[in-house]
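Structure at a glance
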Amino acid sequence: QAQFVESGGGLVQAGGSLRLSCAASGSTFRMNAIGWYRQAPGKQRDRVASIGSIGTVGDTFYADSVKGRFTISRDNAKNTAYLQMNSLKPEDTAVYYCNRVVAGKPSGAWGQGTQVTVSS
């Protein structure tokens, strides 16, 4: 079963940027859509972006709250997905996770996530 390791989080001021990385183990990475999810304290874990297996721009999904600010990409040769986050807002503060997406839902073991904190 694929495992995911997220990195790149940190503390940033509002308006700043971060780039998250999701390193996946296993040989099936390139066969699966990959999604980024986030969970703020006391809230449910929601998908913020996802990208199809081939990684074309037209095969992406963004939650309305991040459209125009976040960009998801992937490098199948490196078994890695990325989330470029620009114009960060305090409401983006959360732990960010990645996972494969099957039929629109996360399907796989969750990693430890990476904390993103945006100060106002």
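See the structure printed just above.
The present account deals with the structure reproduced in this document. These numbers were taken from a predicted model, which means no experiment stands behind them. (Residues numbered from 1 in each chain as written. Predicted model: local features only at pLDDT ≥ 70, side-chain atom pairs only at ≥ 80, totals over all residues. Heavy atoms only, no water.)

Brief notes about the state of the cysteines
Under the definition given, this model contains one disulfide. At a sulfur-sulfur separation of 2.1 Å, the disulfide partner of C22 is C98. Sign of the S-S torsion, about 80 degrees for the bond between C22 and C98, identifies this disulfide as right-handed. Taken together, the residues span a long stretch of sequence, with C22 in strand β3 (residues 18-24) and C98 in strand β9 (residues 94-102) at a distance of 76 residues. A single burial state applies to C22 and to C98, both of which are buried. (Disulfide = S-S within 2.5 Å. Helix = DSSP H or I, 4+ residues; strand = E, 2+ residues; numbered from the N terminus. Buried < 20%, exposed > 50% of the residue type's maximum accessible area, 1.4 Å probe, protein only.)

Brief notes about the packing of aromatic side chains
Scanning the model with the defined rule gives two aromatic pairs in all. Relative to W110, the ring of Y37 lies with its centre 5.2 Å away and its plane at 90 degrees, an arrangement referred to as edge-to-face. With a gap of 73 residues between them, Y37 in strand β4 (residues 33-39) and W110 in the loop between β10 (105-106) and β11 (114-119) connect regions that are remote in the sequence. The exposure class of Y37 is buried, given its relative accessible area of 3%. The interplanar angle of 75 degrees and the centroid separation of 5.7 Å between the aromatic rings of Y97 and W110 together place this pair among those described as edge-to-face. Linking Y97 in strand β9 with W110 in the loop between β10 and β11, this pair joins segments that are 13 residues apart in sequence. A relative accessible area of 35% places W110 in the partly exposed class. (Phe/Tyr/Trp six-rings, centres within 6.5 Å; stacked < 30°, edge-to-face > 60°.)

Re the side chain of N79
Within the fold, N79 resides in the loop between β7 (70-75) and β8 (80-85). On the basis of relative accessibility, which here comes to 18%, the residue N79 falls in the buried class. Beyond its immediate chain neighbours, meaning those up to four positions away, N79 contacts C22, A23, A24, S25, G26 and F29. (Contact = heavy atoms within 4.5 Å.)

Observations regarding the nonpolar core
Counting residues in each nonpolar core, the largest one holds 27 residues, and the members touching the most others are W36, L83, M85 and Y96. For this core, the secondary structure elements donating two or more residues are β3, β4, β5 (46-51), β7, β8, β9 and β11. A total of four residues in this core trace back to one element, the largest contributor, which is β3. (Core = buried A, V, L, I, M, F, W, Y, C linked by side-chain atoms within 4.5 Å.)

Description of the pattern of salt bridges
Enumeration according to the criterion identifies three salt bridges in this entry. Residue D64 pairs with K67 through a salt bridge whose shortest N-O separation is 3.3 Å. What makes D64 exposed here is its relative accessible area of 64%. Residue R69 pairs with D92 through a salt bridge whose shortest N-O separation is 2.7 Å. Taken as a pair, R69 in the loop between β6 (60-62) and β7 and D92 in the loop between β8 and β9 lie far apart in primary sequence, 23 residues in all. (Salt bridge = Lys/Arg side-chain N within 4 Å of Asp/Glu carboxyl O.)

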